[in-house]
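One letter stands for each residue in the lines below.
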Amino acid sequence: MSSYVQSSTVVNFTGDAASKNISITLSAGNSCVVTIDFTVFTSTEPVLTVSDGTNSYTAAFDLWASGITDRIKCAQYYLHNNSAGAKTITVSFTGPAFANVYGDVQAHEISGLQNTTPIATTNSGTSTSPSTGATSALGQAANFVLAQMMAADGGIDLPTNFTNIWLDNSTSGNPPNSVDYRIINDASALTVSWGTIATSVGWAAGVAVYPDSTSTPATLFAASIF
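Predicted model, so just to flag it, every value in this text is computed and none were measured.

Engineer: What's the story with the overall build of the protein in this structure? I'm lost.
Structural biologist: The secondary structure content of the protein amounts to zero helices and 14 strands. When the helices and strands of the protein are placed in sequence order, the string is β-β-β-β-β-β-β-β-β-β-β-β-β-β. Relative to its length of 226 residues, the protein is compact, with a C-alpha radius of gyration of 16 Å against a globular reference of 17 Å. When the backbone C-alpha atoms are referred to their principal axes, the protein occupies close to 45 × 35 × 25 Å. Of all 226 residues assigned to the protein, the portion counted as buried reaches 51%. Counting only contacts in the protein whose residues sit at least 6 apart along the sequence, the fraction spanning at least 24 positions is 80%. Counting only carbon and sulfur atoms, one obtains 48% of the accessible surface of the protein, whose full area is about 8600 Å². If the 5 positive side-chain charges of the protein are averaged to one point and the 14 negative ones to another, these points end up 6 Å apart.

Engineer: Is there a simple way to think about the sheet that holds strand S13 (residues 177-185) in this case?
Structural biologist: Paired through their backbone hydrogen bonds, the strands of a sheet run either parallel or antiparallel. Strand order in the open sheet made by the five strands is S10-S14-S11-S13-S12, with antiparallel pairing throughout. Because the sheet does not close on itself, it has two edges, and the strands there are strand S10 (119-127) and strand S12 (163-168). Strand-to-strand twist across the sheet, computed as the mean angle between neighbouring axes with direction ignored, equals 15°. Bridge count between strand S11 (residues 142-151) and strand S14 (residues 201-211): nine bridges; the pairing is antiparallel. Note that in S14 the partner of phenylalanine 144 across the bridge is tyrosine 210.

Engineer: Quick question: what am I supposed to make of the nonpolar core here?
Structural biologist: Where a protein is soluble and globular, its nonpolar side chains tend to be buried together. Ranked by internal contacts, the top residues of the largest apolar core, which has 23 residues, are Val34, Ile36, Phe38, Ile89 and Val91. Of all the elements in the fold, those that place two or more residues in this core are strand S2 (11-14), strand S3 (19-26), strand S4 (31-40), strand S5 (47-51), strand S7 (71-79), strand S8 (85-94) and strand S9 (101-111). Judged by nonpolar contacts, the second largest core, of 22 residues, contains Ile72, Cys74, Val179 and Ile183.

Engineer: Explanation requested: the sheet that holds S5 in the structure shown.
Structural biologist: Taken in spatial order, the three strands make up an open sheet running S3-S8-S5, and their pairing is antiparallel. Where the open sheet ends on each side, the last strands, each with one partner, are S3 and S5. Across the sheet, the mean angle from the axis of one strand to that of its neighbour is 20°, orientation sign disregarded. Across five bridges, S5 lies against S8 in antiparallel orientation. The partner of valine 47 across the bridge, within S8, is threonine 94.

Engineer: Looking at this structure, how should I read the confidence of the model for the protein?
Structural biologist: When the pLDDT values of the protein are averaged, the result is 93; 95% of them are 70 or greater. Here residues 216-226 is a poorly scored stretch, pLDDT under 50, and it has 36 contacts once near neighbours within four places are set aside; other chains count.

Engineer: Help me out: how do you make sense of unusual backbone geometry in this one?
Structural biologist: A negative phi angle is the norm for most residues apart from glycine, just as the trans form is the norm for most peptide bonds. A positive phi angle, close to 55°, is found at asparagine 81, a residue other than glycine. On the secondary structure map, asparagine 81 appears in the loop between S7 and S8. Residue class for asparagine 81 comes out exposed when judged on its relative accessible area of 53%. Although it is not a glycine, asparagine 161 sits at a positive phi angle of roughly 70°.

Engineer: Even after reading the chapter, I still don't get the packing of aromatic side chains, so can you show me in this structure?
Structural biologist: For any two aromatic rings, the description comes down to two numbers: the centre-to-centre distance and the angle of the planes. What the rule picks out here adds up to eight aromatic pairs. Each ring, one from tyrosine 4 and one from phenylalanine 144, has its centre 6.4 Å from the other, and the planes form 10°; the classification is stacked. Of this pair, tyrosine 4 sits in strand S1 (residues 3-7) while phenylalanine 144 sits in strand S11, and the two are 140 residues apart along the sequence. For the pair formed by tyrosine 4 and phenylalanine 144, the shared burial category is buried. Between phenylalanine 144 and tyrosine 181, the aromatic rings sit 5.4 Å apart at their centres with planes inclined by 10°, giving stacked as the arrangement. Of the two residues, phenylalanine 144 is situated in strand S11 and tyrosine 181 in strand S13; the sequence distance between them amounts to 37 residues. For the pair formed by phenylalanine 144 and tyrosine 181, the shared burial category is buried. Members of the aromatic cluster, connected to one another through ring pairs, are Tyr4, Phe144 and Tyr181.

About the thresholds
- Residues numbered from 1 in each chain as written.
- Predicted model: local features only at pLDDT ≥ 70, side-chain atom pairs only at ≥ 80, totals over all residues.
- Heavy atoms only, no water.
- Helix = DSSP H or I, 4+ residues; strand = E, 2+ residues; numbered from the N terminus.
- Rg over C-alpha atoms; globule rule 2.2 N^0.38 Å.
- Buried < 20%, exposed > 50% of the residue type's maximum accessible area, 1.4 Å probe, protein only.
- Contact = heavy atoms within 4.5 Å.
- Areas by Shrake-Rupley, 256 points an atom, 1.4 Å probe, with all protein chains shown as cover.
- Lys, Arg positive; Asp, Glu negative; His and termini not counted.
- Charge placed at Lys NZ, Arg CZ, Asp CG, Glu CD.
- Pairing = 2+ DSSP bridges.
- Axes fitted to C-alpha atoms, helices over the stretch in contact; angles between N-to-C directions.
- Core = buried A, V, L, I, M, F, W, Y, C linked by side-chain atoms within 4.5 Å.
- pLDDT = per-residue confidence, 0-100.
- Phe/Tyr/Trp six-rings, centres within 6.5 Å; stacked < 30°, edge-to-face > 60°.

Structure, rendered in structure tokens:
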């Protein structure tokens, strides 16, 4: 059964570099998922690379929301069946000058996932109602769901029935963003919504649904380190 094991410290891009390192110590066989949310103050798309020096991570989704006021890169990268030990995961990009990139990256350790590709969907817009839109129907009932959203302004509500991992609602540093998870026992198509933002602004959102290694409902367990 899948469990959320831990998260790394959040690492910030504040217009100061084209790459950042995330440190996390993993248990053998577990999955590691990296959530990435950037606001980019240029029309050039950041092209992402995520690697631990030995293994390259695969994109569950990689959204470039360029049709909104503040362009946003909202992405999620994963690696299943990790070896045990301390890892340094490097998130880097090419494209825009790093002085124009602001955002947060974080690694998440999850146990009990199948070594398969997740079902994912993304969405973006300018409104007070950020939502991922609906996924396709899921391949099985037991799944681990990891969702994220970045908005140009604060006042973010959390998704119903999700456990929040990271929430930055301040506008004093990086743009507001949220990372949330849920373990489900339902094969229906899934939509994740973050309620109502305080004002109508640009936002980008994504969700990935990772199949549990069993076909029975998973037991929730969280131990986040911030």
